[in-house]
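# Residue-level structure breakdown
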Amino acid sequence: MNIAMLIAGGKGARMNQDIPKQFLNIHDKPVIVYTMQAFQRHPEVDAILIVCLDGWQEILKAYANQFNITKLKWVVTGGKNGQESICNGLSELEKECDGNDLVLIHDGIRPNVSQEIISNSIAECRLHGSAVTVIPCAEAMLLREEENGTSAKALISREALARTQTPQTFSLSKLLWAHKEAAKQKITNSVATCTLMVELGETVHFCPGSEKNIKITTTEDIEIFKALLMAGKDDWLK
């Protein structure tokens, strides 16, 4: 079974809006609904689990019912950070899923994920045991002299870098192992699943993403997403 785990537990403080960014309406549809619909429409995705911001669970379920998201099987309350939220979702899956099932961990605020990206993530994980969606780094990269500093005198080769996106796909058993091992090593706030795996000494494998697979974190991102919707080039957006 292939399970999409959508992480929608953030409060969206950087957006400076009263409504969490995953529930903002874009053309009369919440951001999280666009994301759910992408996985709903994919023929290889069997079920959807959403890790939801506390207090918004019933609203989420109502949206799922309104937009006919029949694959939604679980709604789990988010944790204090992304790592804890994913762990909460995994704990729910562990109760009734097989360790060989694949879990596609995806940001609920990446609503423009394509069917091709989802397909590639599943195929790559089946082939190599992991799949992290990435895009090339096109910009010149400078190394700050200090964390959050305003100057630099060293560079990093952009060819050596990969910009990570989601989905990030692993078997359920691998993910459960990683989070249990992280607890043993007192790793509590790794940025993403791929960073947690690397911190634990694991090798992760890449699959291609897209510049269109944007993560909505600022008001500028909303404008970009609106423009992508208006372009209407992807069948799943219709």
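Use the structure listed above.
So, here is what we can say about the structure in this document.

Thresholds applied
Sequence positions are assigned chain by chain, starting from 1 and proceeding in written order. In keeping with the model being predicted, local features are shown solely for residues with a pLDDT of at least 70 and side-chain atom pairs are shown and tallied solely at 80 or more, while totals for entire chains, interfaces and linings include all residues. Excluding hydrogens and water, the side-chain figures rest on all heavy atoms present in the structure. Salt bridge, as used here: a side-chain nitrogen of Lys or Arg that lies within 4 Å of a carboxyl oxygen of Asp or Glu. Think of it in three bands: with a 1.4 Å probe and only protein chains considered, a residue is buried below 20% of the maximum accessible area for its type, exposed above 50%, and partly exposed in between. Helix axes are fitted to C-alpha atoms over the stretch in contact, other axes to C-alpha atoms as well, and angles between N-to-C directions run from 0 to 180 degrees. A run of H or I in DSSP becomes a helix once it reaches four residues, and a run of E becomes a strand once it reaches two; helices and strands are each numbered from the N terminus. Working rule for angles: under 35 degrees goes down as roughly parallel, over 145 as roughly antiparallel, 65 to 115 as roughly perpendicular, anything else as oblique. In this scheme, a crossing is called left-handed if the near helix is turned counterclockwise away from the far one by less than a right angle; it is called right-handed if the turn is clockwise. A contact between two residues is defined here by any heavy atoms of the two lying within 4.5 Å. The nonpolar class holds Ala, Val, Leu, Ile, Met, Phe, Trp, Tyr, Cys and Pro. Asp, Glu, Lys and Arg form the charged class, and all remaining residues, Gly among them, are polar.

### Examining the pattern of salt bridges
If you walk through the whole model with that rule in mind, you get ten salt bridges. Between E84 and K80 there is a salt bridge, with its nearest N and O atoms 2.7 Å apart. Linking E92 and K95 is a salt bridge whose minimum nitrogen-to-oxygen distance equals 3.2 Å. A relative accessible area of 22% means that E92 is categorised as partly exposed.

### Looking at the packing of helix α3 (residues 82-94) against helix α5 (residues 172-184)
Contact geometry of α3 with α5 gives a least axis separation of 10 Å together with a crossing angle of 130 degrees. Comparing the axis directions of α3 and α5 gives the class oblique. Crossing angle aside, the handedness with which α3 passes α5 is left-handed. Contacts between α3 and α5 involve Q83, I86, C87, L90, L93 and E94 on the former and, on the latter, L172, L175, L176, H179, K180 and A182. Across the contact of α3 with α5, the residue classes break down as eight nonpolar, two polar and two charged.

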